[in-house]
Amino acid sequence: MQFSKKEDFITACRTGGLCPKHTVGVRFERSMFPRRFRDMITFYRDGRIRFERYCFGEAAGLVCGLWASGIENDGALHFQPEGRHYSGLENAPARLTEVSAQGLRFDNTKDLWFFQEALRSDPKNGYRRFSFFHRQPH
């Protein structure tokens, strides 16, 4: 998965071309350390995008999760809060600003989001193995 232009990455997100064969999505993780949180963003074959924030330490676990229905032509992501007291919306990336061989950058920050894995399934978010045969890209 190698993209040199932001426009090519966005097109692949919208058409399902971002995901390798037999996978439901690809996950990127923010690499800026030290951090108190582990931030991940997943792009699914059907065009949906999931932002998740996990905390470290004794109370490690999911802090928040947000869904976006897709990505706009200019790279904008519109995440929807899930009705929790703390939605994490202010910590989610708002716009894809750079794509390089090293990874992704959002909101013109120095934080690099590196490729973590291609997912064959993601059952906790409703993507069973082979579920991509039934879901169509937006």
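Computed from a prediction, not measured in an experiment: that's the story for all the values here.

Caption draft 1: Spotlight on the overall build of the protein. Counting its secondary structure elements, the protein contains one helix and eight strands. Walking the protein from its N terminus toward its C terminus, one meets helices and strands in the order α-β-β-β-β-β-β-β-β. Per-residue burial over the protein gives 44% buried out of 138 residues. Sequence-distant contacts in the protein: of pairs separated by 6 or more residues, those separated by 24 or more amount to 46%.

Caption draft 2: The arrangement of the confidence of the model for the protein in detail. When pLDDT is averaged along the protein, the result is 85; 87% of the residues meet or exceed 70. Within the protein, the element-level pLDDT minimum falls on helix 1 (residues 6-15), averaging 89, and the maximum on strand 7 (residues 104-106), averaging 95. Within the model, the stretch residues 134-138 combines pLDDT values under 50 with 15 contacts to residues more than four positions away or in other chains.

Calculation criteria
- Residues numbered from 1 in each chain as written.
- Predicted model: local features only at pLDDT ≥ 70, side-chain atom pairs only at ≥ 80, totals over all residues.
- Heavy atoms only, no water.
- Helix = DSSP H or I, 4+ residues; strand = E, 2+ residues; numbered from the N terminus.
- Buried < 20%, exposed > 50% of the residue type's maximum accessible area, 1.4 Å probe, protein only.
- Contact = heavy atoms within 4.5 Å.
- pLDDT = per-residue confidence, 0-100.

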